[in-house]
Amino acid sequence: MKIKSFFPALFFTIFVYSIVLFFYYDASQNSAINQAQIRTQDLLRHIKAGRKFFREDQRDTLKKIAHMDTYKKDIFLPEIYSYPYISTQMNVYYNELRQKENLPAINISFAAINPKNIINKATEEEIKLIEKFNSGKLNFYKKVIDTEKGKYLYFAQPADRMDEKCLKCHGYPKDAPRSIIKMYGNQQGFYHKNGELNAFVKVLLPLDKYFEEAQKLFWTIAISSFIILIVIMVLLRLFVTKKRKDSKKFQTVIDTLDEMILVKSNCDIQSVNKSLRKFFGIKNISEFKKRNKCLSHYFIEAKGHLSLDLTNITDNLIETLKNTEKTKRVVQMKNYKGEICTLAIKIDKLEDEDNQHVIVLSDITKLQQRAEKFKKRANIDALTGVYGRSKFDELYHSEFSRSTRYLNPLTIIFIDIDHFKIINDTHGHDVGDEILKVFAKLISSNRREFDIFARWGGEEFILMLPQTNINDGYKLGEKIRKTIASYEFDKAASLTCSIGLSMLNKGDTKETLIKRADNALYKAKTTGRNKTIIEI
């Protein structure tokens, strides 16, 4: 290859590479959507399993009880008979589990042309979708929608067609249990026919996490592979023209790169760069050869990391590595300090050279550690170790929306240390900080696992209690207040706290609920402290 033709070839390669990256980015986005679809379909399988249990086990059992005259035949309980009710309730519990893991909710609901519960009434657009399901034109429907919370996958799948069992409650009002008529009336949800399809189940699944992972993967692979591409191009050029260049110039080039590079044939290690020598704490290639004749002898066997034998590099080994997912092309090695490092690995055969290969290792350990560190800092209050206000706001927004949509109870509690300024002025801020830590631990040990606890600011803390009414919230508040009052702090001896709480009401906004709880706290502080006040 001539020098004049090398640079045009390099720029052409970069241009083609950029085009490939563009198509790969689009493919990664579609992959994220498809993963979300698979997740949604899997979730629907759980719902269908619940329905099968209801129809084939639970209902027959209740009928047997009815024949035994121990249960009224004409009674209807949605917790037992209603598939939509059971499904949505299962979804509520499912999202509570996701909330414990700081994951956004996956919302399931139903749309029907003629539902018993008006909440499930289909819109005009959804009615058209039901018609397509009914005609067999669609087996499922999906689209990506933009919301204030981010991008969501809207996935719809038709419900089962009406059969004889369904018509016992959805046929004629005269045939339905009287309690259904009492609960829903005799106007909605009746007069369906056998074989009719008039409803579908829909899922709103947040895509931000999938897109975030796809973009993270895309940019990691793009940057790493681009750097590796440049490295390989430089090395190829050097080896093509090595008859006119000495080994010293070659060594100078690879020593300037941050990536660790090793060039070897099947019989011998021919060159290692400065980064690799620094990693192992060696001065030259001879010292490296004395320790081990092959780089793979340093590889540590670990789950999720490759275990390669590089003694004899074959075309089959290179092809196998290329066919491995890019995120799994990683190995682990110890550096000269004994620290275990994670490295991305790339192997290629040098052109115009027999049995010579270049191995490129990129240290990604610090990138992984930094990402985890930043993520933790963003969510946790540095002093007390509980959630910070920004993380609470994020969780509160999600839980408030869910509670208002499904009419679930939600209680907010504000907790404030009484006379905390006096403690700081008397004992100093170091003692005050220690008291805040112990105070937070006492509250954490008395709350439920699914309650959200955060530091609101200064000596003020906040608790969010999902699925909790005002009476149960008051009991918890009193329990916390008494626990604090009876605890002996090291230097401050005893402390008290004031508590204000309120529960979600119809027509509330996120701000009005918080404001009422804050007002209750203010009343507790101004009417003697060391008390729990409710504002409805």
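Residues numbered from 1 in each chain as written. Predicted model: local features only at pLDDT ≥ 70, side-chain atom pairs only at ≥ 80, totals over all residues. Heavy atoms only, no water.

Trainee: Looking at this structure, how should I read unusual backbone geometry?
Mentor: Note: most peptide bonds trans; most residues except glycine with negative phi. Look at tyrosine 191: it is not a glycine, yet its phi comes out positive at around 65 degrees. Mapped onto the elements, tyrosine 191 comes out in the loop between helix 6 (178-184) and strand 4 (199-206). Of note in this structure, asparagine 530 is not a glycine but carries a positive phi near 50 degrees. Assignment of secondary structure puts asparagine 530 in the loop between helix 17 (510-526) and strand 16 (532-534). (Helix = DSSP H or I, 4+ residues; strand = E, 2+ residues; numbered from the N terminus.)

Trainee: Even after reading the chapter, I still don't get the nonpolar core, so can you show me in this structure?
Mentor: When a protein is soluble and globular, its nonpolar side chains tend to lie buried together. Core analysis: the largest hydrophobic core is formed by 28 residues, its most contacted members being Leu295, Leu310 and Ile345. Among the secondary structure elements, those contributing two or more residues to this core are strand 5 (260-265), strand 6 (269-272), helix 9 (274-280), helix 11 (315-323), strand 7 (330-334), strand 8 (340-349) and strand 9 (356-363). The element that contributes the greatest number of residues to this core is strand 8, accounting for four residues. Leaving out residues up to four positions away in the same chain, leucine 310 has contacts with Lys264, Cys294, Leu295, Ser296, Phe299, Leu317, Ile347 and Ile359. The next biggest cluster of nonpolar side chains, apart from the first, holds 27 residues, and it includes Phe420, Leu442, Phe453 and Leu465. (Core = buried A, V, L, I, M, F, W, Y, C linked by side-chain atoms within 4.5 Å. Buried < 20%, exposed > 50% of the residue type's maximum accessible area, 1.4 Å probe, protein only. Contact = heavy atoms within 4.5 Å.)

Trainee: Would you take a moment to explain the packing of aromatic side chains for this structure?
Mentor: Centre distance and the angle of the planes are the two values used to describe a pair of aromatic rings. Applying the stated criterion across every chain yields a total of 13 aromatic pairs. Here the aromatic rings of tyrosine 396 and phenylalanine 400 are separated by 5.8 Å at their centres, their planes lie at 65 degrees, and the arrangement is edge-to-face. Here tyrosine 396 pairs with phenylalanine 400, and both are found in helix 13 (residues 389-406), just four residues apart, close to one helical turn. Neither residue differs from the other here; tyrosine 396 and phenylalanine 400 are each classed as buried. Note on phenylalanine 439 and phenylalanine 461: the rings are 5.4 Å apart at their centroids and 40 degrees apart in plane angle, and the pair reads as tilted. Highlighted residues: phenylalanine 439 in helix 15 (residues 429-446) and phenylalanine 461 in strand 12 (residues 460-466), separated in sequence by 22 residues. Among the aromatic residues, those joined into a cluster by ring pairs are Phe392, Tyr396, Phe400, Phe414 and Trp456. Above the face of the phenylalanine 190 ring, lysine 116 is positioned so that its terminal group lies 4.2 Å from the ring centre. (Phe/Tyr/Trp six-rings, centres within 6.5 Å; stacked < 30°, edge-to-face > 60°. Lys NZ or Arg CZ within 6 Å of the ring centre and 35° of its normal.)

Trainee: So what exactly am I meant to see when it comes to the sheet that holds strand 9 here?
Mentor: The strands that make up a sheet are held in pairs by hydrogen bonds between backbone atoms, and each pair lies either parallel or antiparallel. In space, the five strands of this open sheet follow the order 6-5-9-8-7, with antiparallel pairing throughout. Across the chains shown, the open sheet's two edge strands, defined by having one partner strand only, are strand 6 and strand 7. Averaged over all pairs of adjacent strands, the angle between their axes in this sheet comes to 30 degrees, without regard to strand direction. Those strands touched by helix 11 are strand 8 and strand 9, and its axis lies near 125 degrees from that of strand 8. (Pairing = 2+ DSSP bridges. Axes fitted to C-alpha atoms, helices over the stretch in contact; angles between N-to-C directions.)

Trainee: Where do I start with the sheet that holds strand 3 (residues 150-158) in this structure?
Mentor: On the basis of which strands lie adjacent, the open sheet formed by four strands has the order 1-4-3-2 and antiparallel pairing. At either margin of the open sheet sits one strand with a lone partner, and together these are strand 1 (107-112) and strand 2 (141-147). On average, each strand axis in the sheet is tilted by 25 degrees relative to the strand beside it, whichever way the strands run. Contacts from helix 4 (residues 124-135) reach strand 1, strand 2, strand 3 and strand 4 within the one sheet, and its direction differs from that of strand 4 by about 115 degrees.

Trainee: Can you help me understand the pattern of salt bridges in this one?
Mentor: Side chains carrying opposite charge are able to pair once their charged atoms draw close together. Going through the model one piece at a time under the given rule, you end up with 19 salt bridges. A salt bridge links glutamate 126 to lysine 202, with the shortest nitrogen-to-oxygen separation between them at 2.6 Å. Taken together, the residues span a long stretch of sequence, with glutamate 126 in helix 4 and lysine 202 in strand 4 at a distance of 76 residues. According to the relative accessible area criterion, glutamate 126 is buried, its value standing at 9%. Residues joined by salt bridges that share partners form a network here, namely Asp416, Asp418, Lys525 and Arg529. (Salt bridge = Lys/Arg side-chain N within 4 Å of Asp/Glu carboxyl O.)

Trainee: Got a minute to help me understand a positive patch on the surface in this structure?
Mentor: There is a patch of like positive charges on the surface, built from Lys274, Lys278, Lys337, Lys366 and Arg370. Mapped by element, the contributors of at least two residues to the positive patch are helix 9 and helix 12 (365-379). Mapping lysine 274 onto the fold places it in helix 9. The exposure class assigned to lysine 274 is exposed, which follows from its relative accessible area of 52%. (Patch = residues over 30% accessible without salt bridge, like charges linked within 9 Å, V, L, I, M, F, W, Y side chains within 5 Å. Areas by Shrake-Rupley, 256 points an atom, 1.4 Å probe, with all protein chains shown as cover. Lys, Arg positive; Asp, Glu negative; His and termini not counted. Charge placed at Lys NZ, Arg CZ, Asp CG, Glu CD.)

Trainee: Explain helix 11 here, please?
Mentor: Helical periodicity: at 3.6 residues per turn, an α-helix aligns residues three or four positions apart in one direction. Taken residue by residue, helix 11 has Leu317, Ile318 and Leu321 as its buried positions. Viewed end-on, helix 11 has its buried residues packed into an arc of 100 degrees, placing them on one side of the element. Summarising the geometry of helix 11, the exposed residues directed more than 90 degrees from the buried face are Asp315, Asn316 and Asn323. (Arc of directions from axis to C-beta.)

Trainee: For this particular structure, what's the right way to read the packing of helix 15 against helix 16 (residues 470-486)?
Mentor: When two helices pack together, you describe them by how their axes are tilted relative to each other and by the distance separating the axes. Relative orientation of the contacting elements helix 15 and helix 16 amounts to 140 degrees, with a least axis distance of 10 Å. When the interaxial angle is binned, helix 15 and helix 16 end up oblique. Relative to helix 16, the crossing made by helix 15 is right-handed. Along its contact with helix 15, which presents Phe439, Leu442, Ile443 and Asn446, the element helix 16 presents Leu476, Lys479, Ile480, Thr483 and Ile484. (Parallel < 35°, antiparallel > 145°, perpendicular 65-115°, else oblique. Left-handed = near helix turned anticlockwise from the far one by under 90°.)

Trainee: So what exactly am I meant to see when it comes to a nonpolar patch on the surface here?
Mentor: Together, Phe12, Phe15, Val16, Ile19, Val20, Phe22 and Phe23 give the surface a local cluster of nonpolar side chains, amounting to about 740 Å² of exposed area. Overall, the relative accessible area of 55% leaves phenylalanine 23 in the exposed class.

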